[in-house]
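Structure assessment
This is what each chain is made of:
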Amino acid sequence: MAPRMPVPMLPQSRSGWLALALLVVALAGLPWLAPIYYIELGTTAMIAAMLALSLQLLVGCTGLVSLGHGAFYGLAAYTVYLATPADAGLPMWMTLPLAMGAAGVAAALVGALSLRTKGFFFLMVTLAFGQMIFFVFHDTKIGGGTDGAYLTRPLIAAFGFELQLPRRQRPIGTYYVALIQLVAMYGGLALLLRSLFGRVLDGIRVNEHRMVALGFNTYRYKLAAFVLAGMLAGVAGHMWAMHRGFVNPELVGWHRSAEALLMILLGGLGTLHGPIIGALAWVGLGEAAQLLTERKLLVEGLVILAVVLVLPQGLSGLGVLGRRVFGSPRVPSGTPAPAKAEAPPHG
Amino acid sequence: MAETRHGRTPLLATRGLGRDFGGLTAVREVSITLSPGELHAVIGPNGAGKSTLVNLLSGELAPSRGEILLAGQPIGDAPVWQRVHMGLGRSYQRTNIFRSLSVFENVRLAAQAVHTPGRRLLRPATRESAPADAAMAALARVSLADAAARIAGTLAHGEQRLLEIAMTLAGYAKVLLLDEPLAGMGPEEGERIAALLRDLSTEHAILLIEHDMDFVFAVADWMTVMVDGGVLADGPPDVIRANAAVQQAYLGGHA
Amino acid sequence: MDLAGIFAQLLNGVQYGLLLFLIASGLTLVFGVMGIINLAHGSLFMVGAYAAFLVGRATGSLWIALPVGLLGGIFLGALLERVLFRHFYKREHLDQVLLTFALILLFEEGRSLIVGNDFYSVPIPAALDFSVPVTGDFSYAAYRFLVIGICLALALGLFWWIERTRFGAIIRAAAEKPEMVDVLGIDARRIHLAVFAIGTALALTAGVLAAPLYSVYPNMGDGFLIISFVVVVIGGLGSVSGAFWSALLIGLVDTLGKAYVPGVAGLAIYVLMAGVLLWRPAGLFGRTT
């Protein structure tokens, strides 16, 4: 009899799913309790979460560490800027597919070339291509050059029906749009991981060499994942345009890509919800740092250093660390961290 | 034991196959054939080119010269993954399984590779019975069905070698390339594998690389002796055993 | 045809390429031998440049900056290796990326605390602030000739060390088969220390040499870092000679491009990289495993 197959990276128990549901409820309730400033901060955090989540499809699920992912995010935001006329906002149902499409096309081109390489090479090549996109927006006047540009935010509208809010309540509308997108993205990725396609990605992460030897054209699977991840980064970038109404080259800079990687590590590489936690934590940390000191980058650098040195499993590793320090007879629960990818045999 | 080769079209054939690495010729002009139902062993001292030969056949190395034909079709240019779909399966000398996945998942992936048309890719893995059934059948064949739920890395070495073979079976390969399946195993386990291989050779053609001479002479229908990248002798076991050149070069006290 | 202009740009391209080589060689050596991705390599370049600025401002002379850069680089590299990088050789790429990214942030903050965020120019040493006449109507900056000279000398020194000395042979062996090093009974730790120290020293020296030409400003390491990555990708991982030719190629393409086709010049090297990858995924001199 075929054994039960746990789906990697998703909660393994009912309490796990319950915890996630509670998180969603908490996020949904925030606008009722918090002042506008924190609602907007929450939207920023959820955008970061979507970016990190989209990257997790590559890093945690497939084992592809890309340093150019932020470029697709920024490209999507710039696409909204370029598509929007100077005086009027476009409805979401037009701008979102456009942004995702642009990000997807760029990801297809970059991926087709980059995925011919592996490991360190792949890292550097994705970095370089990301820089290429950065160059386009930084060194030319296409997107307003180094200063960036303002744009008229896309409207929360679809096929004639528009959600019109008074100015003061617009951030709340934007917040819920972001929340819905985040939940939908998580749900969609969860279904993907459950599918046969998701199994292949997991196999590639564990031992790509053997996957090829079994008969999988792994290049095609990786490319599909790369394009999908790029499009999802595009969703996040589009949301940024809706949220801030402003684009600048920092959005496509490689520091953004590195931050996305950090959020994944912070929240835990082995789960799908980890990047979300990591993103919320990172944005929260940035806020706290700004309240305490002018040297925000210094605090951030020290935190990253600490996390990498002390917590190789991210925040979810805090539980393991705590048990090791304080001692506990209980076996750690939850999905174990994924094993390192196995190297192909020599000779 | 399989029937004689004559009159049977070979399932796998090489013609003048060779591979160089810079100035070093690892495999010279090797021409061998593998017929359906045959258990064909390739033996030779270390450095004879056996591993290179297997890598050429599986596609992990590109040939410098010569041809490889699978069921009459030239496959020398075909990438590794494509050869699997044409009926070639390969196991590894150094165990190359998915250690952190379950035994079942190891084999299920192998089955999925050849069982799943593209349009079913987005369906939940649990609902697709074809790869799961093929996986359990393959595990049963190598007597590992009870271990299906265990994590592959926790299996004993001998069981991991069996898992290697199961993975080639789940892919429905017609030709099995087995690279030292006995590596690191004790004598009783060797018996088990010998029985398994004899059983498998009724449905598959098997090309086997091995060092254990007792084992090879006990199971093989046909043998090829390689020395220095070339074929020294090629024939049924008795002929090979009696061959003076082979005795001198390799067999020692096995006359 | 403005021959003098073309000569100048060719020499500029060579000079830029040689600076890139100094940075990229450290990057490729450290990865080839230890498997470490060091994003902070650009920051080391920055440290060298700011060191030149500070030494120049404090002593009024830049000549001291060169040995300061070289020796300081060796010391800093050894310190970083012993305290931090040593623990990361077996870690995942992701961890190394984030560790070195954190270092970039810390270096930048350090720079901000010590020197502030302004753009500073670094004057060329007075003794070299003239043009060398090359032909009738073409003369070229003496300082740039010096930079070319020093870089070539360092490059030759590096090649000699790698190809001709016993230590270099060990480096080459370690890059190809790390297990061999232990088998031969050589203390791998000393090799790692030396390689990291030398790589750091080269990057710092490049920074010192570059300071009068490019001035010093926040995040200056970033641009050079990314281009060095492109150099390594095109040249092939772990190949110092590959890095040399690829650096010259990129230096020339970028400089000539910016001079004669300014709009798209920035894209040219990436297009070049894409082309090389299509043809040779392991780089021009890379080993295909």
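Residues numbered from 1 in each chain as written. Chains lettered and ligands numbered in written order. Predicted model: local features only at pLDDT ≥ 70, side-chain atom pairs only at ≥ 80, totals over all residues.

**Some details on the overall build of chain C**
Regarding its fold elements, chain C presents eleven helices and two strands. When its helices and strands are written in sequence order, chain C yields α-α-α-α-β-β-α-α-α-α-α-α-α. Relative to the 2.2 N^0.38 estimate, which gives 19 Å for 289 residues, the radius of gyration of chain C is 19 Å and therefore close to what a compact globule would have. Across its three principal axes, chain C shows a C-alpha extent of roughly 60 × 45 × 35 Å. Burial analysis of chain C (289 residues in total) assigns 48% to the buried set. Intrachain contacts of chain C at a sequence separation of at least 6 include 76% that bridge at least 24 residues. (Helix = DSSP H or I, 4+ residues; strand = E, 2+ residues; numbered from the N terminus. Rg over C-alpha atoms; globule rule 2.2 N^0.38 Å. Buried ≥ 20, exposed ≤ 12 C-beta atoms within 10 Å, placed from the backbone. Contact = placed C-beta atoms within 7 Å.)

**Comments concerning the sheet that holds strand S8 (residues 175-179) of chain B**
Residue and element names in this part refer to chain B. A sheet is described by the order of its strands in space; here six strands give the open sequence S7-S8-S9-S4-S10-S11, paired in mixed fashion. The two strands at the open ends of the sheet, each matched to only one other strand, are strand S7 (88-91) and strand S11 (230-235). When the angles between neighbouring strand axes are averaged without regard to direction, this sheet yields 15 degrees. The pairing of strand S4 (residues 39-43) with strand S9 (residues 205-209) spans four bridges and is classified as parallel. Pairing of histidine 40 across the sheet is with leucine 207, part of S9. (Pairing = 2+ DSSP bridges. Axes fitted to C-alpha atoms, helices over the stretch in contact; angles between N-to-C directions.)

**Focus on helix H8 (residues 188-214) of chain C**
Residues and elements named next belong to chain C. Counted at 1.5 Å a residue, the expected span for H8 with its 27 residues is 39 Å, and the 38 Å between its end C-alpha atoms agrees. The largest bend in H8 is about 25 degrees, located at valine 208, with the proline proline 212 one to four residues further on. Counting buried residues along H8, 19 of its 27 residues qualify, which places the element largely inside the surrounding structure. The positive-phi residue at the C-terminal boundary of H8 is serine 215, with phi of around 65 degrees. (Expected span 1.5 Å × (residues − 1). Bend = angle between axes of the 7 residues up to and from the residue.)

**Brief notes about the environment of aspartate 212 of chain B**
All names here are of chain B. Within the element layout of this structure, aspartate 212 appears in the loop between S9 and helix H7 (213-219). For aspartate 212 and leucine 182, which are 30 residues apart along the polypeptide, the C-alpha to C-alpha distance reads 8.0 Å. Sequence-distant contacts of aspartate 212, defined by excluding residues within four places in its chain, comprise Leu182 and Gly190.

**Side note on the confidence of the model for chain C**
Overall, the prediction assigns chain C a mean pLDDT of 87, with 97% of residues at 70 or greater. Scored as a complex, the prediction yields pTM 0.90 and ipTM 0.91. (pLDDT = per-residue confidence, 0-100.)

**Here we look at the interface of chain C and chain A**
Listed per partner, the contact involves 29 residues of chain C and 33 residues of chain A. Mapped onto the side of chain C that touches chain A, the elements with two or more residues apiece are helix H4 (93-115), helix H9 (220-235) and helix H11 (265-279) of chain C. Ranked by residue count, the leading element in the side of chain C that touches chain A is H4 of chain C, at twelve residues. Of the residues that constitute the side of chain C that touches chain A, the class distribution is 23 nonpolar, two polar and four charged. (Nonpolar A, V, L, I, M, F, W, Y, C, P; charged D, E, K, R; others polar.)

**Quick word on the packing of helix H5 (residues 119-139) of chain A against H11 of chain C**
The description of two helices packed together rests on the angle between their axes and the distance between the axes. In the contact formed by H5 of chain A and H11 of chain C, the axes pass within 10 Å of each other and the chain directions differ by 155 degrees. Put simply, H5 of chain A runs roughly antiparallel to H11 of chain C. Crossing handedness for the pair H5 of chain A and H11 of chain C: left-handed. Contacts from Val125, Ala128, Phe129, Met132, Phe135 and Asp139 of chain A in H5 of chain A reach Gly266, Leu267, Tyr270, Met273 and Leu277 of chain C in H11 of chain C. Split into classes, the residues belonging to the contact of H5 of chain A with H11 of chain C amount to nine nonpolar, one polar and one charged. (Parallel < 35°, antiparallel > 145°, perpendicular 65-115°, else oblique. Left-handed = near helix turned anticlockwise from the far one by under 90°.)

**Digging into the interface of chain B and chain A**
Frequently, the measure chosen for interface size is the accessible area that the parts lose on association. Listed as interface residues are 37 residues of chain B and, on the opposing side, 24 residues of chain A. Among the secondary structure elements, those contributing two or more residues to the side of chain B that touches chain A are helix H1 (50-58), helix H2 (80-85), helix H3 (103-115) and helix H4 (129-141) of chain B. Top element by residues in the side of chain B that touches chain A is H3 of chain B. It accounts for seven residues. A breakdown of the residues in the side of chain B that touches chain A according to their chemical character gives 20 nonpolar, ten polar and seven charged.

**Focus on unusual backbone geometry**
Residue and element names in this part refer to chain B. Phi is positive for alanine 71, which is not a glycine, with a value near 50 degrees. Position of alanine 71 among the secondary structure elements: in the loop between strand S5 (65-70) and strand S6 (73-74). Even without glycine at this site, serine 143 takes up a positive phi of about 60 degrees. The residue serine 143 is located in the loop between H4 and helix H5 (157-170) in this model.

**Some words on the pairing of S5 of chain B**
Residue and element names in this part refer to chain B. By the bridge criterion, five bridges tie strand S1 (residues 12-21) to S5 in an arrangement that is antiparallel. Within S5, the position partnered with threonine 14 by the bridge is isoleucine 68. The pairing of S5 with S6 spans two bridges and is antiparallel. By the bridge assignment, leucine 70 is partnered in S6 with glutamine 73. Here S5 folds back onto S6, and the loop between the two strands holds two residues, one of which, alanine 71, carries a positive phi near 50 degrees.

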